[in-house]
Amino acid sequence: MDKVVESAAAAVRDIPDGASIAVGGFGTAGVPWELVAALLDHGAKDLTVVTNNCGINGAGLVRLLEEHRISKVIASYFGQNLEFARQYLAGEIEVELTPQGTLAERLRAGGAGIAAFFTPTGVGTVVAEGGLPRRYDAGGDVLVASPAKEVRTFTVRGRVRDFVLEESIVTDYAFVRAAVADRHGNAVFHAAAMNFNPDVAMAGRVTVVEAGRVVEPGEIDPDAVHLPGVFVQRVIAVGAGRIE
């Protein structure tokens, strides 16, 4: 099936207010810049965004933050995003902080149809015990805090350890950036763009790939495919331009 659409604008035009969107990228590598920009122009608001980090100052997802289009973020860290930190501390946005590896697995598990999984990461911390601020009020008091999670004991590799239950993530849409994709959605990522993009793609009910180059089916060696086209619904060609 040919999944190529004519533009980023066409790829995002049906995204409604209140949608959840997983966005790929690690730092500035593998960020779907064109799709994020098209979403900004499209005007959807009250979005829940799942991403490793919410952009850097002046670029990427921070542009949606600046326009107050995002109401909730599930992410690993703030990074150097001053606007993200300001909105969180001012009570303007809800933030669910998740350990980086746990976030990747929550996305991958969602794409694999796994409801939840147990991990040792976060045991003995507020990640498992709850109380991590998710939203402040205007006065700086905690309005919403993370709940306590189930902890169970398992024997793994002969060692008895505690593990915390983490739920998987499935989103309405997913945006990813590939170096090359074919018209059926099979994609290849470049270097650090492999971080999060494959997992993000799996988690989306409607996954959109922006590719530096779109080729015909069969031009990508099957052994070189990082993301099978079965996980992709739309493909756009955007040119190399930025870091892939």
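Residues numbered from 1 in each chain as written. Predicted model: local features only at pLDDT ≥ 70, side-chain atom pairs only at ≥ 80, totals over all residues. Heavy atoms only, no water.

This paragraph deals with the overall build of the chain. Across its full length, the chain carries seven helices and 13 strands. Against the 2.2 N^0.38 benchmark of 18 Å for 244 residues, the chain shows a C-alpha radius of gyration of 18 Å, consistent with a compact globule. Seen along its three principal axes, the alpha-carbon backbone of the chain occupies a region of about 50 × 50 × 25 Å. For the chain, the share of sequence-separated contacts (at least 6 apart) that also reach a separation of at least 24 residues comes to 70%. In the form shown here, the chain has an accessible surface area of approximately 10900 Å², with 51% of it arising from carbon and sulfur atoms. (Helix = DSSP H or I, 4+ residues; strand = E, 2+ residues; numbered from the N terminus. Rg over C-alpha atoms; globule rule 2.2 N^0.38 Å. Contact = heavy atoms within 4.5 Å. Areas by Shrake-Rupley, 256 points an atom, 1.4 Å probe, with all protein chains shown as cover.)

Strand order in this open sheet of three strands is E5-E9-E8, and the pairing throughout is antiparallel. Of all strands in the sheet, those with a lone pairing partner are strand E5 (116-119) and strand E8 (151-156), marking the two edges. The average angle at which neighbouring strand axes cross in this sheet is 40°, direction not considered. Bridge count for E5 against strand E9 (residues 159-167) is four bridges, and the pairing is antiparallel. Its bridge partner lying in E9, Phe117 is registered against Glu166. (Pairing = 2+ DSSP bridges. Axes fitted to C-alpha atoms, helices over the stretch in contact; angles between N-to-C directions.)

Here we take up the packing of aromatic side chains. In the structure shown here, the tally under the stated rule is four aromatic pairs. Here Tyr88 and Tyr136 contribute two aromatic rings whose centre-to-centre distance is 5.3 Å and whose plane-to-plane angle is 65°, an arrangement assigned as edge-to-face. With a gap of 48 residues between them, Tyr88 in helix H4 (residues 82-89) and Tyr136 in strand E6 (residues 133-136) connect regions that are remote in the sequence. Of the two residues examined, Tyr88 and Tyr136, each falls in the buried class. Here the aromatic cluster, defined as three or more aromatic residues joined through ring pairs, consists of Phe118, Phe154 and Phe163. (Phe/Tyr/Trp six-rings, centres within 6.5 Å; stacked < 30°, edge-to-face > 60°. Buried < 20%, exposed > 50% of the residue type's maximum accessible area, 1.4 Å probe, protein only.)

Okay, the nonpolar core next. Judged by nonpolar contacts, the single largest core of 33 residues is most densely connected at Ile15, Ile21, Leu35, Leu39, Ile70 and Phe175. Top contributing element to this core by residue count: helix H2 (residues 33-42), with five residues. With 23 residues, the next largest nonpolar core counts Ile169, Ala178, Phe189 and Ala201 among its residues. (Core = buried A, V, L, I, M, F, W, Y, C linked by side-chain atoms within 4.5 Å.)

The next subject is the pattern of salt bridges. Scanning the entire structure with this criterion turns up 13 salt bridges. The closest approach of N and O atoms between Asp2 and Arg183, which form a salt bridge, is 2.9 Å. Residue Asp2 is located in the segment before helix H1 (8-12), and its partner Arg183 is located in the loop between strand E10 (171-182) and strand E11 (187-188); the two are separated by 181 residues in the primary sequence. In this structure Asp2 comes out as partly exposed when scored by relative accessible area, which is 45%. (Salt bridge = Lys/Arg side-chain N within 4 Å of Asp/Glu carboxyl O.)

Counting through the fold element by element, Ala112 comes out in helix H5 (residues 100-112). Under the relative-accessibility criterion, Ala112 is labelled partly exposed at 43%. For Ala112 and Arg177, which are 65 residues apart along the polypeptide, the C-alpha to C-alpha distance reads 20 Å.

Position of Glu83 relative to the elements: it lies in helix H4. Given a relative accessible area of 17%, Glu83 falls into the buried group. A polar side-chain atom of Glu83 sits 2.7 Å from a polar atom in the side chain of Gln87. (Polar contact = N/O pair within 3.5 Å; in protein donor to acceptor, adjacent residues only side chain to side chain.)

This brings us to the environment of Leu82. Looking at the element boundaries, Leu82 is found in helix H4. Judged by relative accessible area, Leu82 falls into the exposed class, the value being 63%. Along the primary structure Leu82 and Leu35 are separated by 47 residues, whereas in three dimensions their C-alpha atoms are 22 Å apart.

It is worth spelling out the side chain of Ser146 at this point. Assignment of secondary structure puts Ser146 in the loop between strand E7 (142-145) and E8. Discounting residues that sit within four places of it in the chain, Ser146 has contacts with Val126, Gly130, Gly131, Leu132 and Arg134.

Among all positions in H4, only Glu83, Phe84, Gln87 and Tyr88 are buried. Seen end-on, H4 carries its buried residues on one side only, within an arc spanning 135°. Those residues of H4 that are exposed and angled more than 90 degrees off the buried face are Leu82 and Leu89. Those residues of H4 hidden inside the fold are in contact with helix H3 (62-66), strand E3 (70-75), strand E4 (94-97) and E6. One side-chain oxygen at the N-terminal end of H4 lies 3.3 Å from the backbone nitrogen of Glu83; it belongs to Asn81. Looking at the residues trailing H4, positive phi occurs at Gly91, about 80°. (Arc of directions from axis to C-beta.)

Geometric descriptors of this kind do not, in isolation, establish any biological role.
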